[in-house]
There are 4 protein chains.
Amino acid sequence: MSTDQPATLRVAEPDPEESEGRRERILSAAAELFAAQGFDAAPTSRIAEQAGVPKGLLFYYFPRKRDILTTLLEERIPETPGLQAAQAVVAGDPAASLVRLADLVGLSRHESVVLRTILFRELGTLPEITTYVERLRRNLLTLTEDVVMGSAARPIPRETAHKIAQTFVAVLLDDANTQRYGGEGPDLRAAAEIMALAVDRCAAPL
Amino acid sequence: MSTDQPATLRVAEPDPEESEGRRERILSAAAELFAAQGFDAAPTSRIAEQAGVPKGLLFYYFPRKRDILTTLLEERIPETPGLQAAQAVVAGDPAASLVRLADLVGLSRHESVVLRTILFRELGTLPEITTYVERLRRNLLTLTEDVVMGSAARPIPRETAHKIAQTFVAVLLDDANTQRYGGEGPDLRAAAEIMALAVDRCAAPL
Amino acid sequence: MSTDQPATLRVAEPDPEESEGRRERILSAAAELFAAQGFDAAPTSRIAEQAGVPKGLLFYYFPRKRDILTTLLEERIPETPGLQAAQAVVAGDPAASLVRLADLVGLSRHESVVLRTILFRELGTLPEITTYVERLRRNLLTLTEDVVMGSAARPIPRETAHKIAQTFVAVLLDDANTQRYGGEGPDLRAAAEIMALAVDRCAAPL
Amino acid sequence: MSTDQPATLRVAEPDPEESEGRRERILSAAAELFAAQGFDAAPTSRIAEQAGVPKGLLFYYFPRKRDILTTLLEERIPETPGLQAAQAVVAGDPAASLVRLADLVGLSRHESVVLRTILFRELGTLPEITTYVERLRRNLLTLTEDVVMGSAARPIPRETAHKIAQTFVAVLLDDANTQRYGGEGPDLRAAAEIMALAVDRCAAPL
DNA sequence: AATGAATGAGAATTCATTCAT
DNA sequence: CATGAATGAATTCTCATTCAT
């Protein structure tokens, strides 16, 4: 009885190496290496080695090397679908709202950084990547625009909100891009404050 | 007779193929190919072919392949040295000034795009590239800050100018990055207008 | 309850896919693929796929890949055992007799062509194949010689009949070989007529 | 002076291994191996080894493995172009003429046998091979027909000559095919005699 | 100074075969 | 009996780099 469930669990995940599942370990190792050296420069043999699996297994799961990359896109990269503008809105405080939004989309969450690095590096080599990045920008645009509209103390023209969104999304993406190489990027909080000033200025009847 | 051979030498330069100099042609061909397919995916043989020079010559001028890349960085990438903030300033009109600045630094001039593409793609692989991009950002920051300060109708705090500069430079760089793959990036003019609103709001005594 | 399972077993055979038996389906698929692309170029995985059986089953029935080939030779290639010269003989008409013989041995029957293709292609790689082809030629020689002797209007020397047989069998085999690639081979009827002329000439007292 | 020409020659071909030229040695080694084990089963590494050249050189001369095969076809396989029917004709003796023709086309000359082996084996895999074999058959047909017409003691109908040619060419090709595996093929002399009988029979007014 | 033939260290990928279940 | 996940040896091919001339 006490052996029932525990036994299964104990046997299922016993080997520390097996804890993640071999297919997943290949994906993780590949993500790490693609990010560090680029897709072309990362040999499949190294991926297998780092994942601790035989070389043949890579091609059992992913017939061609690029399938590893596209699978990474499909399975590992978080979309922003569930995210609602309302979750970020701090009524009457656009600056705080935008900072919160940035936090929620989490482009700079560590786990994301590795994948984002691959994304920005390999941009333009695979159509899938271009498509993904374009969709990401569009999603962020809509989200940001809604947050700006929703958090403004007084109503502002949608057109202005749109321009602000364009600006802020660029900052968001430039920030993500900067993190690829650990450089000093834009200050998200500062940008949010500037956006708030613009909101304020344009809302004010003057 | 003795004049015969020298004549050939004298004529050597006008040859259209020779017009640019073989070393330069190698660099141009490499730039094109690195941008199009990435550093790793561009074979030296293709570079030689496209440059119209024998393969051996590549390694005569550039002992290792990566030397072509670093030379490209050193010799071909325009710095922003001569540029003075004053050249961009349109007194009293921050928006126009920023647009003008963007134009002057010319990150999106066609010639630049090729090199920028390489830069952003190979970011993180060569330390030289990281160094260059960081310097570029710093230069742009200073320049932008000065332009904002110089074009504001009424004085604004330097701290605010700094934040605006951070924001606008991010937009500038995100725009440059977008051009790598021909995607739709931020609208520079819109961003400039937003910056102007912020300047206005913060300058206004309210 | 106890009838439940057995019922399933009883129904097992009618399944259209099962109609031929899985082992037979493997052989058929292999024959097709070996003929189309050659033994080496036909992967076992494709054979299994085309046969609609799991890959493991191949090696259950045929421990090594070449066992599929040898089994094909043993079980699928029609010998000419039952065939009697008398069945082909049209008395007094050697030409018609030879054409009839060609028809009876049926080297060019569609089903045979596939196997013959493999045979001629893989000739020299497996000793079994060489043996088979040599036996085939000998059988055909005897058969043809008898048909020539039996159909000649007037008696001819066995030696001449032997030479005619050698010639006609060569035509038969060259014809079979030609069908491998769908090329235009010899005209069997024309060859038979020529043989008849020779018979006639040598039988005639002049 | 005396050192001038001889020196060059002496240095040019000194190494016994170099005597044939490396590119040629690759082709010879490949021919041998393709004939012995088939195109697919002969690894490029073995070819290089047998030719005594580094593996990379194969791909320097022949970018893809199949280029070795097609080059063999283009450069090593003797066409029958210069051959004139007249060269084989022994007036009034069709049998001798046909034997002589067989000798002149030399399908069974040792050097040819290796290449012919490849040809017949790989028939159907490369279109170039099919084309070549079809052209060969056509050339032989014309040649044989002319020899038959030219050597007949008394005139015979061209149609009959054509049928005889079809028959004899089939024997020729079957003979070549047989030599692939060292089996016992048709007797060319016997076939020639039979052809002569047919010529005789059909020329005779009876 | 210039060149192109040559090389060998890998690269991605394939595939027959094994074996635990 | 049957299976499909797993493996590693082998294969074709690429390419930066060298070097004799």
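Structure shown above.
Presented here is a report on the structure given in the accompanying data block. (Residues numbered from 1 in each chain as written. Chains lettered and ligands numbered in written order. Predicted model: local features only at pLDDT ≥ 70, side-chain atom pairs only at ≥ 80, totals over all residues. Heavy atoms only, no water.)

1. Focus: the interface of chain B and chain A
In step 1: With 40 residues of chain B at the contact, the number on the chain A side is 41 residues.
In step 2: Between chain B and chain A, a total of about 3400 Å² is buried, with carbon and sulfur atoms accounting for 55% of that surface.
In step 3: Inspection of the chain B/chain A interface yields eight salt bridges.
In step 4: The tally of links from chain B across to chain A stands at 19 residue pairs in polar contact (both at pLDDT 80 or more).
In step 5: Residue assignment for the side of chain B that touches chain A shows that the elements contributing at least two residues are α8 (110-122), α9 (127-151), α10 (158-179) and α11 (188-203) of chain B. (Contact = heavy atoms within 4.5 Å. Buried area = accessible area lost by both parts, 1.4 Å probe. Salt bridge = Lys/Arg side-chain N within 4 Å of Asp/Glu carboxyl O. Polar contact = N/O pair within 3.5 Å; in protein donor to acceptor, adjacent residues only side chain to side chain. Helix = DSSP H or I, 4+ residues; strand = E, 2+ residues; numbered from the N terminus.)

2. A short note on the protein's contact with DNA strand F
In step 1: Near DNA strand F lie 29 residues; those nearest to it are Arg22, Tyr60 and Tyr61 of chain A, Thr44 of chain B together with Arg22 of chain C.
In step 2: A breakdown of the atoms of DNA strand F within 4 Å of the protein gives sugar and phosphate a share of 73%.
In step 3: Contacts to DNA strand F include Lys55 of chain C, whose side-chain N or O atom sits 3.3 Å from a base nitrogen.
In step 4: A distance of 3.3 Å separates a base nitrogen of DNA strand F from a polar backbone atom of Gly56 of chain C.
In step 5: Residue composition of the surface near DNA strand F, grouped by class: 15 nonpolar, four polar and ten charged. (Near = heavy atom within 4 Å. Nonpolar A, V, L, I, M, F, W, Y, C, P; charged D, E, K, R; others polar.)

3. Thoughts on the environment of Gly106 of chain B
Residue and element names in this part refer to chain B.
In step 1: By the element assignment, Gly106 lies in the loop between α7 (94-105) and α8.
In step 2: Classification of Gly106 by relative accessible area gives buried; the value is 3%.
In step 3: Remark: the alpha-carbon pair of Gly106 and Ala152, spanning 46 residues in sequence, is separated by 23 Å. (Buried < 20%, exposed > 50% of the residue type's maximum accessible area, 1.4 Å probe, protein only.)

4. Examining the relation of the copies chain D and chain C
In step 1: Superposition record for chain D on chain C: RMSD 0.2 Å, screw rotation 179 degrees, translation along axis 0.1 Å. One copy is carried onto the other by what is essentially a two-fold rotation axis. (Least-squares fit on C-alpha atoms with pLDDT ≥ 70 in both.)

5. Some thoughts on the interface of chain D and chain C
In step 1: The interface of chain D with chain C comprises 41 residues on the first partner and 40 residues on the second.
In step 2: In total, about 3400 Å² of surface goes out of reach between chain D and chain C, with carbon and sulfur atoms giving 56% of it.
In step 3: On the chain D side of the contact with chain C, Arg121, Tyr181 and Ile194 of chain D bury the most area, a combined 19% of that side's loss.
In step 4: Where chain D touches chain C, the interface holds eight salt bridges.
In step 5: Salt-bridge contacts for Glu193 of chain C lead to Lys163 of chain D; the nearest nitrogen and oxygen are separated by 2.4 Å.
In step 6: Linking chain D with chain C are 18 residue pairs in polar contact (both at pLDDT 80 or more), by the criterion used here.
In step 7: Secondary structure elements with two or more residues in the side of chain D that touches chain C: α8 (110-122), α9 (127-151), α10 (158-179) and α11 (188-203) of chain D.
In step 8: By residue number, the principal contributor to the side of chain D that touches chain C is α10 of chain D, which donates eleven residues.
In step 9: A breakdown of the residues in the side of chain D that touches chain C according to their chemical character gives 17 nonpolar, eleven polar and 13 charged.

6. What about the protein's contact with DNA strand E?
In step 1: With respect to spatial proximity, 30 residues lie near DNA strand E, and among them Arg22 of chain B, Thr44 of chain C together with Arg22, Tyr60 and Tyr61 of chain D are the closest.
In step 2: Protein-proximal atoms of DNA strand E, defined as those within 4 Å of the protein, fall in sugar or phosphate at a share of 72%.
In step 3: Note that a phosphate oxygen of DNA strand E is positioned 2.3 Å from one of the side-chain N or O atoms of Tyr60 of chain D.
In step 4: Interatomic distance of 2.5 Å between a side-chain N/O atom of Tyr61 of chain D and a phosphate oxygen of DNA strand E.
In step 5: Taken together, the elements giving at least two residues each to the surface near DNA strand E come down to α3 (44-51) and α4 (55-61) of chain A, α4 (55-61) of chain B, α3 (44-51) and α4 (55-61) of chain C together with α4 (55-61) of chain D.
In step 6: Residue composition of the surface near DNA strand E, by class: 14 nonpolar, six polar and ten charged.

7. Points about helix α5 (residues 65-76) of chain C
In step 1: Between the first and last C-alpha of α5 of chain C there are 16 Å, a value that for twelve residues agrees with the 16 Å anticipated at 1.5 Å per step.
In step 2: Those residues of α5 of chain C that sit buried are Asp67, Ile68, Leu69, Thr70, Thr71, Leu72 and Leu73 of chain C. (Expected span 1.5 Å × (residues − 1).)

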